[in-house]
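Structural overview for review
Here is what each chain is made of, one letter per residue.
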Amino acid sequence: MCLFIINHTLLNKQCLVFCFLALISCQEKNETDFEVTSNQIAIVTPQPKTYELNYGNDTTYNAFIEGLELILDSIYLEEDLYNEKSYQCNVNFDAYFSVFDQLTIDSNWTLESHYRHFGDAGRVLLLGFEQGNAASKKMRKRLYGTFERNNDYGLSKELIDYESAINAMDGIHINPSKMGYFQFIVFHLIGTNYCNFWHSNYSELSLITSPKQLKELTELEDNFYYKFSQDQKKEILNINPEPKVELYADSATVSLVLLSPWYGFSRYKYSISKDWPHQQSIIDTDPLLIYNCGISF
């Protein structure tokens, strides 16, 4: 009787293993692939996404922007394999942030990129968590203490409020070089300008740093945002797009040209404090060419 029970138990275990193997072998391959052999199951994990950006020296701002644009174009929304109504952003944020090589995150801070989808809009939230901060502790518990749902509107509202309350840029240190202050403003302006969905595309913004970019804009055909008239094209080619960074005893200024589909070209001048946490402010604006694409989402 005892022998029968033992054999019956072993048989059940063998059946369970067989069913498990059969179930896995029938699954479609996704981001984590399963390789099934007669002896074992080998789990093959995908390589983490990496990003590389090269620029010449401390003042080759255009090379940095061109490289960053290519990286931003490589980050896109993917439909959730398990929920066709949800989306996820295919970014490895830590690897992505490393291309801003003149910026470092303070050891007491953690920066995270969280995509939230709202149905008619979706965008990345840049969240900064500071050790010893009660609000940061509460939000991390909220995020990781329970199952996070992409379409959880309540959680999304909490995250948006937290993003507004805790400035993630406060967790960033700047290497006190011209490129360092330039990268800080670039990250502030377009650093997380990827994976935008529908209404969130109102944040579309380009940094113009070279005559080449201006010329390419005047040669666009059937572009979604930009359809310039001949007069506008002439004005665009007369814009001086060169960024300018100046270092002072206690601060630095960064001047650069921004392009928005709803406002056109403007030159903005920012002041950044050298002391950490680095405070920034707009100290001058100069409209260069007013343009409105007329698109509504």
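Residues numbered from 1 in each chain as written. Predicted model: local features only at pLDDT ≥ 70, side-chain atom pairs only at ≥ 80, totals over all residues. Heavy atoms only, no water.

Concerning the state of the cysteines
Using the criterion set out here, one finds one disulfide in the structure. Each disulfide pairs two cysteine sulfurs, and for Cys 89 the partner residue is Cys 195, the sulfurs being separated by 2.0 Å. On the sign convention where negative is left-handed, the bridge of Cys 89 and Cys 195, at about 85° about the S-S bond, is right-handed. Taken together, the residues span a long stretch of sequence, with Cys 89 in strand 4 (residues 83-89) and Cys 195 in the loop between helix 6 (178-190) and strand 9 (197-198) at a distance of 106 residues. Cys 195 matches Cys 89 in its accessibility class, with the two residues each being buried. (Disulfide = S-S within 2.5 Å. Helix = DSSP H or I, 4+ residues; strand = E, 2+ residues; numbered from the N terminus. Buried < 20%, exposed > 50% of the residue type's maximum accessible area, 1.4 Å probe, protein only.)

Side note on the confidence of the model for the protein
Summing up the model confidence of the protein, the mean pLDDT is 83 and the portion of residues at 70 or higher is 78%. Confidence drops under a pLDDT of 50 for residues 1-39, and excluding neighbours within four residues, the segment shows 27 contacts in the predicted structure. (pLDDT = per-residue confidence, 0-100. Contact = heavy atoms within 4.5 Å.)

Concerning the pattern of salt bridges
In this structure the tally under the stated criterion is seven salt bridges. Between Arg 140 and Glu 112 there is a salt bridge; the shortest N-O distance is 2.9 Å. Of this pair, Arg 140 sits in helix 4 (residues 134-144) while Glu 112 sits in strand 6 (residues 109-117), and the two are 28 residues apart along the sequence. On the basis of relative accessible area, Arg 140 is assigned to the partly exposed category, the value being 31%. The partner of Glu 158 in a salt bridge is Arg 142, with the nearest N and O atoms 3.0 Å apart. Of the two residues, Glu 158 is situated in helix 5 (residues 153-165) and Arg 142 in helix 4; the sequence distance between them amounts to 16 residues. Assessed through its relative accessible area of 31%, Glu 158 is described here as partly exposed. With a relative accessible area of 28%, Arg 142 lands in the partly exposed category. (Salt bridge = Lys/Arg side-chain N within 4 Å of Asp/Glu carboxyl O.)

Here we look at the layout of surface pockets
When its volume is computed, the largest pocket comes out at roughly 730 Å³. If you go around the largest pocket, you meet 27 residues; those closest to its centre are Glu 69, Asp 73, Glu 204, Leu 205 and Ser 206. Among the residues making up the lining of the largest pocket, the classes are represented as 15 nonpolar, six polar and six charged. Of the voids in this model, the second largest pocket is the one considered here, and its volume is about 580 Å³. For the lining of the second largest pocket, the secondary structure elements donating two or more residues are strand 7 (121-130) and helix 6. Looking at the lining of the second largest pocket residue by residue, the classes come out as 12 nonpolar, nine polar and three charged. (1 Å grid on protein atoms, 1.4 Å probe; cavity = no way out; pocket = protein on both sides within 12 Å on 5 of 7 lines; lining within 4 Å. Points joined across faces, edges and corners; volume = space filled by probe spheres on them. Nonpolar A, V, L, I, M, F, W, Y, C, P; charged D, E, K, R; others polar.)

Some thoughts on the packing of helix 2 (residues 61-73) against helix 6
The contact between helix 2 and helix 6 brings their axes to 11 Å, and the two run at 35°. Crossing angle aside, the handedness with which helix 2 passes helix 6 is right-handed. Seen from helix 2, the contacting residues are Tyr 61, Phe 64, Ile 65, Leu 68 and Leu 72; seen from helix 6, they are Lys 178, Met 179, Phe 182, Gln 183, Val 186 and Ile 190. Looking at the contact of helix 2 with helix 6 residue by residue, the class counts come to nine nonpolar, one polar and one charged. (Axes fitted to C-alpha atoms, helices over the stretch in contact; angles between N-to-C directions. Left-handed = near helix turned anticlockwise from the far one by under 90°.)

Comments concerning the packing of helix 4 against helix 5
As a packed pair, helix 4 and helix 5 sit with axes 11 Å apart at the nearest point and diverge in direction by 155°. One element, helix 4, and the other, helix 5, form an angle in the roughly antiparallel class. With respect to the hand of their crossing, helix 4 and helix 5 are arranged in left-handed fashion. Contact residues: helix 4 offers Ala 135, Ser 136, Met 139, Arg 142 and Leu 143, while helix 5 offers Leu 155, Glu 158, Leu 159 and Tyr 162. Residues of the contact of helix 4 with helix 5, tallied by class, amount to six nonpolar, one polar and two charged. (Parallel < 35°, antiparallel > 145°, perpendicular 65-115°, else oblique.)

Notes on the pairing of strand 7
In terms of burial, strand 7 is a largely internal element, eight of the 10 residues being buried. Direction of pairing for strand 7 relative to strand 9: antiparallel, over a ladder of two bridges. Within strand 9, the residue paired with Gly 122 across the bridge is Phe 197. (Pairing = 2+ DSSP bridges.)

Focus: the nonpolar core
Counting residues in hydrophobic clusters, the biggest one holds 57 residues, and the most contacted among them are Phe 64, Tyr 96, Phe 182, Phe 187 and Tyr 194. In terms of residues, this core owes the most to one element, helix 6, which gives nine residues. Setting aside anything within four residues of it in sequence, one finds Tyr 96 in contact with Tyr 51, Leu 68, Ile 71, Leu 72, Ile 75, Val 91, Phe 187, Ile 190, Gly 191 and Tyr 194. (Core = buried A, V, L, I, M, F, W, Y, C linked by side-chain atoms within 4.5 Å.)

Points about the sheet that holds strand 7
Where strands meet in a sheet, backbone hydrogen bonds hold them as pairs that are either parallel or antiparallel. Read across the sheet, three strands follow the order 6-7-9 without closing on themselves; strand pairing throughout is antiparallel. Each having just a single partner strand, strand 6 and strand 9 make up the two edges of the open sheet. Contacting strand 6 and strand 7, helix 5 runs over the sheet at an angle of about 55° to strand 7.

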